[in-house]
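Letter by letter, the chains look like this.
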Amino acid sequence: MGEFGNPIIRVRDLVVGFNEVTVLNHVSLDLFRGEILGLVGGSGSGKSVLLRTIIGLLQKRQGSIEILGNDIDGMSYEERRGIERRCGVLFQHGALFSSLTVLENVQFPMREYLSISQKFMDDVALAKLDMVGLNAGDAEKYPSELSGGMTKRAALARALALDPEIVFLDEPTSGLDPISASEFDALIRTLQQTLGLTVFMVTHDLASLANICDRIAALVNGRIVATGPLEAMKSSTDPWVRTYFSGRRAQRVSAGDASQHG
Ligand SMILES: Nc1ncnc2c1ncn2[C@@H]1O[C@H](COP(=O)(O)OP(=O)(O)OP(=O)(O)O)[C@@H](O)[C@H]1O
């Protein structure tokens, strides 16, 4: 799917670091419209740093990032806000505001970016919650009253609040049991297809990579060492990638053993 035309996100020669440490060392990567791209890599390899730099939360040292045809360096404040509105983010661990109800969490981006009535916001937020499988009763709950799966769903509803074109998901199935994780994967796939979303997903989850990702990118030692469909990963020349995708855990996932989820 989607490897045609201009990329919706274009990262070139990106260098990001903290003090003396270089985390991303000349990373180049494309995200094409309509695809689900899974970003994998060892713990601490810089996957979240890449995601956070693309969405503008971290500063880069070198390189360029284009989102929806706009170079982030040349953008005015208004242009940046315009781009932010077209992107939804699900942070690792859900990251809901604990003092707000689920409904208020989903309305948070609406309050920041839209001027619409409370009644309209209530209706839209409830519709978003319905899309992710949560009901009006769940909407009144606080994050501490939710299960792990419900937290992820609420966070996904918040990411969808502004009808984004691109959704960034940072380890969406981490911490979920295998059944909840596959249900969440199915939800992501359904929403991606029905809403025409483009999805950039950081994940360790081999089942998600196998079941819903159109393309995979592997980040090893600060560089993208492989990109392509799952099958191509298995025969990668990079030893980390080959081991990750053709080790015993990977083989059990491709044989359909759901217990290997996560
Ligand atoms: N704000 C920060 N300040 C300093 N170092 C940071 C900061 N954010 C991340 N790092 C460092 O950057 C490296 C990459 O972190 P990152 O969270 O991107 O890893 P990851 O690939 O997402 O790992 P995991 O799979 O375990 O979540 C780590 O060494 C981390 O300590």
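Since we're looking at a predicted model, the values are computed, not measured.

**Let's talk about the pairing of strand β7 (residues 166-170)**
A regular strand places its side chains so that they alternate between the two faces of the sheet. Among the five residues that make up β7, five are buried, leaving the element largely enclosed by the rest of the structure. Of the strand pairs in this sheet, strand β6 (residues 87-90) and β7 are connected by four bridges, and their pairing is parallel. Bridging from a neighbouring strand, Val89 pairs with Phe168 of β7. Direction of pairing for β7 relative to strand β8 (residues 198-202): parallel, over a ladder of five bridges. Bridge pairing in β8 links Val167 to Val199. For the segment spanning β7, helix α7 (residues 178-195) and β8, crossover handedness is right-handed.

**What about the sheet that holds β7?**
What links the strands of a sheet is backbone hydrogen bonding, and the strands pair in either a parallel or an antiparallel sense. Strand order in the open sheet made by the six strands is β6-β7-β8-β3-β9-β10, with mixed pairing throughout. Strands with a single pairing partner mark the edges of an open sheet, and in this sheet they are β6 and β10 (223-228). Across the sheet, the mean angle separating the axes of adjacent strands is 15° when strand polarity is ignored. Across the sheet, helix α10 (residues 239-246) touches β3 (36-41), β9 (215-220) and β10, and the angle it forms with β9 is around 130°.

**What about the domain arrangement of the protein?**
Domains assigned within the protein are domain 1 (1-68 + 167-256) and domain 2 (69-164). The distance between the C-alpha centroids of domain 1 and domain 2 comes to 22 Å. On the domain 2 side, the residues contacting the 21 residues of domain 1 number 22 residues. Elements that contribute at least two residues to the side of domain 1 that touches domain 2 include exactly β4 (62-67), β7 and α7. Considered class by class, the residues forming the side of domain 1 that touches domain 2 number twelve nonpolar, six polar and three charged.

**Considering the site of the ligand**
Every residue lining the ligand is accounted for by Phe18, Val23, Gly41, Ser43, Gly44, Ser45, Gly46, Lys47, Ser48 and Val49. Here the shell around the ligand takes three residues from helix α1 (residues 47-54), the largest share from any one element. Along the lines of polarity and charge, the residues of the shell around the ligand split into three nonpolar, six polar and one charged.

**Here's the deal with unusual backbone geometry**
For His26, which is not glycine, the phi torsion reads 65° and is therefore positive. Along the chain, the position of His26 falls in strand β2 (residues 21-31). With phi around 50°, Asp163 is a residue other than glycine that occupies positive phi space. Checked against the element boundaries, Asp163 lands in the loop between α6 (148-159) and β7. The class for Asp163 is exposed, based on 12 C-beta atoms found within 10 Å.

Reading the values: rules and limits
- Residues numbered from 1 in each chain as written.
- Predicted model: local features only at pLDDT ≥ 70, side-chain atom pairs only at ≥ 80, totals over all residues.
- Buried ≥ 20, exposed ≤ 12 C-beta atoms within 10 Å, placed from the backbone.
- Helix = DSSP H or I, 4+ residues; strand = E, 2+ residues; numbered from the N terminus.
- Pairing = 2+ DSSP bridges.
- Right-handed = clockwise from strand over helix to strand, strands pointing away.
- Axes fitted to C-alpha atoms, helices over the stretch in contact; angles between N-to-C directions.
- Contact = placed C-beta atoms within 7 Å.
- Domains from an automatic or database assignment.
- Nonpolar A, V, L, I, M, F, W, Y, C, P; charged D, E, K, R; others polar.
- Near = placed C-beta within 6 Å.

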